[in-house]
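Descriptive structure summary
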Amino acid sequence: MDQEFFIRKMEKYADEKGIPIMEKEGMNFLTEFIKLNKVKNILEVGTAIGYSAINMALVDDDITVTSIERDKDRYIQAVKNIKNLGLDSRITLILADALDFNTSEEYDLIFIDAAKSQYIKFFNKFATNLKTKGYIVTDNINFHGLTNSDKTKMSRNLRQLITKLERYIDFLKNNDEFKTRFFEIGDGVAISRRRKKKDE
Ligand code: SAH
Ligand code: MG
């Protein structure tokens, strides 16, 4: 099937079913980043229906993606989509809670795009699987513009989620090992990289 057409179809499907795939702007930013930095093997936390995994794999023929999803229905849909595009040899899907998934593999890029309340845990867990010069990219840092906004009118759940996200942003800002740059793109993207020296 025509790739472009199939990708549009996935966007429509996600929109109709309310599946939070990456925003177009953020997706383009991430694929450009992968191209520019010659990223070859990627670990993704949060597959949903395979939209971002597919877009990343399509950047170059020698890119491989391993992607973790805990929701069975979404995982099944992702398997179908990836097969449809003939990308099953380059995209490996794992049905598991990411916090239970262990690997000794090392990656050029780790893309965190799953439960926001667990971002710090994902970061700490998978930083051990990052190559020395690799990148950790996190999506939805701005959470629809709600981080750093007035929380008094929000529901308790939403307030707690945003507080956790703000805690993650602080965790990145104050991290001795990683330096993070924040981009106001899509729903907010952060890119973290190991510091060379302490002051860098
Ligand atoms: N990266 C996808 C969108 C992912 S949406 C894209 O842009 O196309 C976030 C997904 O993360 C959801 O499908 C959710 O089920 C999954 N998820 C949330 N917490 C998770 C966890 N702890 N382990 C694995 N998957 C998780
Ligand atoms: Mg996202």
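So, a few notes on the structure that sits alongside this text. Computed from a predicted model, the values in this text were never measured in an experiment. (Residues numbered from 1 in each chain as written. Chains lettered and ligands numbered in written order. Predicted model: local features only at pLDDT ≥ 70, side-chain atom pairs only at ≥ 80, totals over all residues. Heavy atoms only, no water.)

Here Ile120 is to be found in helix α5 (residues 119–126). Leave out the neighbours within four places in its chain, and Ile120 touches Arg167, Tyr168 and Phe171. (Helix = DSSP H or I, 4+ residues; strand = E, 2+ residues; numbered from the N terminus. Contact = heavy atoms within 4.5 Å.)

Only Asp113 (OD), Asp139 (OD) and Asn140 (OD1) from the protein reach the magnesium ion (ligand 2) as donors, at distances of 2.1 Å. Here the donor residues for the magnesium ion (ligand 2) map to a single chain with the spacing D-x25-D-N. You can see Asp113 sitting in the loop between β4 (107–112) and α5 and its partner Asn140 sitting in the loop between β5 (130–139) and α6 (156–173), a full 27 residues away along the chain. This pair shows no difference in class: Asp113 is buried, exactly as Asn140 is. (Donors = N, O, S within 2.8 Å, 3.2 Å for Na, K, Ca; no water. Buried < 20%, exposed > 50% of the residue type's maximum accessible area, 1.4 Å probe, protein only.)

Attention now moves to the packing of aromatic side chains. Between two aromatic rings, the relevant description is the distance of the centres plus the angle of the planes. This structure, assessed with the given rule, holds 7 aromatic pairs. Ring centres 6.3 Å apart and planes at 65° place the aromatic pair Phe123 and Tyr168 in the edge-to-face group. Linking Phe123 in helix α5 with Tyr168 in helix α6, this pair joins segments that are 45 residues apart in sequence. Grouping residues by exposure puts Phe123 and Tyr168 together as buried. (Phe/Tyr/Trp six-rings, centres within 6.5 Å; stacked < 30°, edge-to-face > 60°.)

In the structure shown here, the tally under the stated rule is 11 salt bridges. One salt bridge connects Arg8 with Glu11, and the closest N-O pair in it is separated by 3.0 Å. Here Arg8 pairs with Glu11, and both are found in helix α1 (residues 3–17), just 3 residues apart, close to one helical turn. Here Glu11 falls in the buried class, since its relative accessible area comes to 19%. Salt-bridge contacts for Lys40 lead to Asp62; the nearest nitrogen and oxygen are separated by 2.9 Å. In this pair, Lys40 is assigned in the loop between α2 (24–36) and β1 (41–45) and Asp62 in the loop between α3 (51–57) and β2 (64–69), connecting sequence segments 22 residues apart. Residue classification places Lys40 among the partly exposed residues on the basis of a relative accessible area of 26%. Beyond isolated ion pairs, a larger network of salt bridges with shared partners links Glu4, Arg8, Glu11 and Lys24. (Salt bridge = Lys/Arg side-chain N within 4 Å of Asp/Glu carboxyl O.)

We now examine the packing of α5 against α6. A pair of packed helices is captured by two measures, namely the crossing angle of their axes and the spacing between those axes. It is the contact of α5 with α6, at a shortest axis distance of 9 Å, that shows an interaxial angle of 35°. Contacts between α5 and α6 involve Tyr119, Ile120, Phe123 and Asn124 from the former and Leu165, Arg167, Tyr168, Phe171 and Leu172 from the latter. Residue classes in the contact of α5 with α6 are distributed as 7 nonpolar, 1 polar and 1 charged. (Axes fitted to C-alpha atoms, helices over the stretch in contact; angles between N-to-C directions. Nonpolar A, V, L, I, M, F, W, Y, C, P; charged D, E, K, R; others polar.)

Remember that the coordinates give geometry; whether it matters functionally is a separate question.
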